[in-house]
Amino acid sequence: MDVWANIPIDPFSDICERLVCVKDQIVLTAVCKSWHLLFNQLFGKYQFSIDTPRLILAEEDKRGSSSSTDMRKFFDLSNGKLFDFYLPEIRNKKCLSVGFGCALILSGKLMSFKTFFFSKRLLQPILGIQNFKDFDPNCVIIVTYGIGFPAIVKIGLKAWIDIDMKYGWYSDIIYYKNQFYAGGQHQLFAGTIDGNQAPFATPIAHTPRNLVNIHTQKYLVESVGELLLVYRNFVGNVYNNLPPDSLEISLAEIPYWTMSFDVVKLIKKNENDDEHGYEFVKVETLGNQALFVGDGASFSLPATSLNGCRPDCIYFTDDSQDFYSLTKNGGGYDMGIYNLRDGSIEQHYKGESLSYFSTPLWYL
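What comes next is a walk through the structure. (Residues numbered from 1 in each chain as written. Predicted model: local features only at pLDDT ≥ 70, side-chain atom pairs only at ≥ 80, totals over all residues. Heavy atoms only, no water.)

**So, the overall build of the chain**
Stage number 1. Across its full length, the chain holds five helices and 22 strands.
Stage number 2. For the chain, with 364 residues in total, the buried portion stands at 47%.
Stage number 3. Taking all contacts inside the chain whose residues are at least 6 apart in sequence as the whole, residues at least 24 apart take part in 51%.
Stage number 4. When the accessible surface of the chain is summed, it comes to about 18,800 Å², and 53% of that surface belongs to carbon and sulfur atoms. (Helix = DSSP H or I, 4+ residues; strand = E, 2+ residues; numbered from the N terminus. Buried < 20%, exposed > 50% of the residue type's maximum accessible area, 1.4 Å probe, protein only. Contact = heavy atoms within 4.5 Å. Areas by Shrake-Rupley, 256 points an atom, 1.4 Å probe, with all protein chains shown as cover.)

Structure follows, in structure tokens:
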């Protein structure tokens, strides 16, 4: 085994070139520490193939145990298996999914917090992540922080720039067709990022009023070239909106629960009958696509037998961070797969993965 553990980088590189399946890549890195380190050296050249998203489970609480908490478990949707990864970089940190093989890591001692509000101060440490050197120097990061304030930063800058919108808070933000779009309470806004000028956005469409209430969370998702607005509808005693008797959950342990989803898409109006040139129409089916929503960026994937995704379904994780403190053991209960055709919900990960600050999230 010592001979194989000390394999030179050139033949190891040849092996990596022949591994086109992400499962084989994962197994390769788990053989021994030296192979894991070698693969990390080649990571810029050999990216994990995007064949299926993984669910990064919450950090396991090993207090009082000799086991390390530097290991994080990844749940594979395609085969239902768990993989262990050595990730000391995210120990005791809040992570958000951003897609493209990246995760946003918020630094700071968060273990003592049961409620968590993002601030630009807490987001500041991401500017020092060395892996950003592999990105286009013109790359721009767009986030919402606090209770929904949008801001951007360019790679290498040391300060965030607020986006001037003057219309309150925003539930989500996305970059789509060379513009950024932000979902407000009753309107959708669009804007551009032009050089060193302060970015701003203007309203372009009203959001459906009949879908807006205090029991919803909204996500912006690009799917097959279309911009979707996804409404996640909750029940629970925190909303004074109790679930039906058929939903057998303990409200003492789970004060909120996802009941359903609604999806609308943005289209251009045939006639400009008001100041807005676009409108939303209801989506009855996602076709062969599956949507993924939760903490961080939302995304859409084609459903195939290889990636384990189901068509016309919405995969969701628990992102109701305002209410984690009201649960018995933290957030992570409210996860599942919503079938848009028949309204049914079932679990994607059947185990328990709970945390007050870093709940399970999608990794693509």
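After presenting the structure, the write-up continues.
**A word on the pairing of strand E10 (residues 179-183)**
Stage number 1. With four of five residues buried, E10 is to be regarded as a mostly interior element.
Stage number 2. As defined by bridge partners, strand E9 (residues 172-176) adjoins E10 across five bridges and the pair is classed as antiparallel. When the bridges of E10 are listed, Asp172 appears paired with Gly183.
Stage number 3. Between the antiparallel neighbours E9 and E10 lie two residues, among them Lys177 with a positive phi of about 50 degrees. (Pairing = 2+ DSSP bridges.)

**Observations regarding the side chain of Glu59**
Stage number 1. Along the chain, Glu59 turns up in the loop between strand E1 (54-56) and strand E2 (71-76).
Stage number 2. Within the buried set, Glu59 has no salt-bridge partner at all; the shortest N-O distance to an opposite charge, 4.0 Å, is to Arg72.
Stage number 3. If we skip the residues at most four places from it in the chain, Glu59 touches Thr69, Arg72, Ile90, Arg91, Asn92 and Ser358. (Lys, Arg positive; Asp, Glu negative; His and termini not counted. Salt bridge = Lys/Arg side-chain N within 4 Å of Asp/Glu carboxyl O.)

**Quick word on the nonpolar core**
Stage number 1. Counting 17 residues, the largest nonpolar core has Leu55, Phe292, Tyr315 and Trp362 as its most contacted members.
Stage number 2. Among the elements of the structure, strand E17 (289-293), strand E18 (299-302) and strand E19 (313-316) are those that each provide at least two residues to this core.
Stage number 3. Discounting residues that sit within four places of it in the chain, Phe292 has contacts with Pro53, Leu77, Ser298, Phe299, Leu301, Cys309, Tyr315 and Trp362.
Stage number 4. If you look at the next biggest cluster of nonpolar residues, it comprises 15 residues, including Ala190, Ala205, Tyr231 and Val264. (Core = buried A, V, L, I, M, F, W, Y, C linked by side-chain atoms within 4.5 Å.)

**Section: helix H4 (residues 33-41)**
Stage number 1. The set of residues buried in H4 consists of Trp35, His36, Leu38 and Phe39. Take H4 and look down its axis: the buried residues cluster within an arc of 165 degrees, on one side only. Seen from the buried face of H4, the exposed residues on the opposite side, beyond 90 degrees, are Lys33 and Gln41. (Arc of directions from axis to C-beta.)

**Considerations on the packing of aromatic side chains**
Aromatic rings in a pair are described by how distant their centres are and how their planes are angled relative to each other.
Stage number 1. Scanning all chains against the criterion turns up twelve aromatic pairs.
Stage number 2. Geometrically, the ring pair formed by Tyr256 and Phe323 is tilted, given 6.1 Å between the ring centres and 40 degrees between the ring planes. Within this pair, whereas Tyr256 is found in the loop between strand E14 (226-235) and strand E15 (257-268), its partner Phe323 is found in the loop between E19 and strand E20 (336-339), the two being separated by 67 residues in sequence.
Stage number 3. Members of the aromatic cluster, joined through ring pairs, are Phe292, Phe299, Tyr315 and Trp362. (Phe/Tyr/Trp six-rings, centres within 6.5 Å; stacked < 30°, edge-to-face > 60°.)

**Things to note about the environment of Arg91**
Stage number 1. Within the element layout of this structure, Arg91 appears in the loop between strand E3 (82-86) and strand E4 (94-99).
Stage number 2. In this structure Arg91 comes out as partly exposed when scored by relative accessible area, which is 37%.
Stage number 3. Residues contacting Arg91, with those up to four places away along its chain left out, are Glu59, Thr69 and Asp70.
Stage number 4. Among the polar contacts listed, one links the side chain of Arg91 to the side chain of Asp70, at a separation of 3.4 Å. (Polar contact = N/O pair within 3.5 Å; in protein donor to acceptor, adjacent residues only side chain to side chain.)

**Notes on the pattern of salt bridges**
Stage number 1. All told, the structure shown has nine salt bridges when counted by the stated rule.
Stage number 2. As a salt-bridge pair, Asp262 and Lys282 come within 3.4 Å of each other at their nearest N and O atoms. Taken as a pair, Asp262 in strand E15 and Lys282 in strand E16 (residues 278-282) lie far apart in primary sequence, 20 residues in all.
Stage number 3. Residue Lys282 is classed as partly exposed on the basis of its relative accessible area, which comes to 48%.
Stage number 4. A salt bridge links Asp312 to Arg341, with the shortest nitrogen-to-oxygen separation between them at 3.0 Å. Of this pair, Asp312 sits in the loop between E18 and E19 while Arg341 is found in the loop between E20 and strand E21 (345-346), placing the two residues 29 residues apart along the sequence.

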